[in-house]
Amino acid sequence: MVKRELARNGFCRTVWPGKCETALPYAFMSDTTLNNLSPERVLILYRPCSNQRFVKELLKRGTGIFCPPKDRDKVATHQKMFTWKEWLRLRRELAEGRYDAVVCFGLAEGLWRPGRFWLSNVLKLIKRFFTSFASFGPHLLLPTITKYRVPLIVYEWEDSQAIARKNWPLLEACTLYYKTQCPVNLFKAFLWQDKRNECVFNVSRSPRYQKWAQKIRPLSYGVTEVDYLADCIAPEKTVDVFFAGGVSYSWIRPDGLRQLRELAQEEGVIIDIPDKAIPHREYLQRMSRAWLVFSPEGAEWDCTRHHESLLVGTVPVINQPNIRRYKPYLDGEHALYYNVEEDGLKKVIRAALADKERLRAIGRCGAEHTRRYHLHTRLADAMLSAVQPTVL
């Protein structure tokens with residue numbers, strides 16, 4: 001028979017409603033991230049996600065069941081929508097030990113909205129039940145998953161360091177909780193989620209949050225090597241700094257653009273900043289022509305630009321990180337970091353452009369690091385490598 005076990009010693013299995021069998025030590029995933037799980041034995045409960053290329057890679061490694069917030073959302077080819085029939089089938093298969101692991105995406109909406117009148121919540125649940133039944137997929141399967149102790153892996157990509165209260169049932173039941181914007185102080189993931197969480201000292205004293213924090217793992221947003229990537233790499237560098245992206249939702253970005261324009265006016269630094277949205281192919285081509293790409297945080301710190309710039313041979317200049325990272329880029333080895341205070345961006349760009357051979361070396365080393373750890377195919381395998389089957 002097949003016995004489910006965790007690849008690392010000390011990982012816990014959580015039994016409903018959440019009693020840990022063993023303590024779960026915090027540890028990063030090892031360099032050995034081989035995924036030996038059969039796709040037929042991995043169940044993936046997914047919903048629409050901004051990181052679509054990662055979803056595509058993940059679905060190659062399991063049986064996908066689409067659980068969108070609205071039933072009108074279209075299901076991907078060769079995947080199934082969560083329905084009454086699928087619910088009954090999956091309950092039976094989970095009970096029979098059909099799956100070695102379940103991957104569940106962070107929830108779009110919880111069952112109960114705190115602070116709302118109870119009748120309003122009840123009426124909304126009734127409406128959702130009849131108009132958006134697929135959105136109940138994770139909620140309905142969670143008791144079965146925990147009852148039969150199937151390892152549960154959660155993937156959450158929201159641009160927030162907090163873990164929203166709607167995802168707490170998943171966090172309680174899961175084996176590991178992967179988060180792309182993972183706070184340095186893991187207790188801060190629970191701030192402001194209820195009336196007792198307004199202070200990190202209160203959070204840190206809670207046994208529940210102490211247990212939950214041990215399950216949280218960082219995972220980078222990652223990148224996919226698109227088919228046309230090789231055609232986008234420029235034969236030579238003709239631009240000093242490139243940037244494309246929105247600025248309205250980040251205080252850091254407008255200030256950085258001010259510094260870039262001052263460098264262009266006062267010191268002749270050549271900058272390339274499109275004045276409108278451009279196609280992805282053109283975006284990669286123009287990025288490749290630059291020595292540096294200005295890659296500040298937006299709504300949160302990690303983003304695709306950090307990774308894809310290195311694939312086209314351009315070094316990202318990023319503000320100092322404020323999150324816990326997976327296989328991080330090292331300053332001066334894979335990327336360049338700047339301080340947001342006292343025009344720190346100017347200082348880093350001046351020093352970088354003064355040594356082009358160093359930039360070439362950083363670009364080569366950063367591209368190798370990206371292909372080794374931050375491609376979506378690598379990240380999907382890394383997630384699933386935490387849970388491995390052992391044949392007895």
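Residues numbered from 1 in each chain as written. Predicted model: local features only at pLDDT ≥ 70, side-chain atom pairs only at ≥ 80, totals over all residues. Heavy atoms only, no water.

*Asks:* I tried to follow the side chain of His334 on my own but got confused; where do I start?
*Replies:* If you trace the backbone, His334 turns up in the loop between β16 (323-324) and β17 (336-338). His334 gets classed as buried once you look at its relative accessible area, which sits at 5%. Within the structure, His334 has its side chain in polar contact with the backbone nitrogen of Leu330 (distance 2.9 Å). Excluding anything up to four places from it in sequence, His334 contacts Leu310, Pro316, Pro328, Tyr329, Ile362, Cys365, Gly366 and His369. (Helix = DSSP H or I, 4+ residues; strand = E, 2+ residues; numbered from the N terminus. Buried < 20%, exposed > 50% of the residue type's maximum accessible area, 1.4 Å probe, protein only. Polar contact = N/O pair within 3.5 Å; in protein donor to acceptor, adjacent residues only side chain to side chain. Contact = heavy atoms within 4.5 Å.)

*Asks:* Mind showing me how you'd approach the environment of Asp255 here?
*Replies:* By secondary structure assignment, the location of Asp255 is in helix α9 (residues 252-267). In sequence terms Asp255 and Asp343 are 88 residues apart; their C-alpha atoms lie 8.7 Å from each other. In terms of polar contacts, Asp255 uses its side chain to reach the side chain of Arg258, at 2.8 Å. A distance of 3.1 Å separates polar atoms of two side chains, one belonging to Asp255 and the other to Gln259.

*Asks:* For this particular structure, what's the right way to read the sheet that holds strand β6 (residues 80-81)?
*Replies:* Taken in spatial order, the seven strands line up as β6-β5-β4-β7-β8-β9-β11 in an open sheet, and their pairing is parallel. Edge positions in the open sheet fall to β6 and β11 (216-218), since each of these has one partner strand only. As defined by bridge partners, strand β8 (residues 152-156) adjoins strand β9 (residues 176-179) across four bridges and the pair is classed as parallel. Within β9, the residue paired with Ile153 across the bridge is Leu176. (Pairing = 2+ DSSP bridges.)

*Asks:* I tried to follow the nonpolar core on my own but got confused; where do I start?
*Replies:* Taken as a class, soluble globular proteins show a tendency for nonpolar side chains to be buried jointly. Residues Phe82, Leu152 and Phe190 are the most contacted members of the largest nonpolar core, which totals 37 residues. Put simply, the parts of the chain that give this core at least two residues each are β4 (42-46), α2 (84-95), β7 (101-105), α4 (137-147), β8, α5 (168-173) and α7 (207-213). Ranked by residues supplied to this core, first place goes to α5 with four residues. Residue contacts for Leu152: discarding those within four places in its chain leaves Val102, Cys104, Leu142, Ile145, Leu170, Ala173, Cys174, Thr175 and Leu176. Among the nonpolar cores identified, the runner-up in size contains 28 residues, and Leu37, Val42, Tyr46 and Ala382 belong to it. (Core = buried A, V, L, I, M, F, W, Y, C linked by side-chain atoms within 4.5 Å.)

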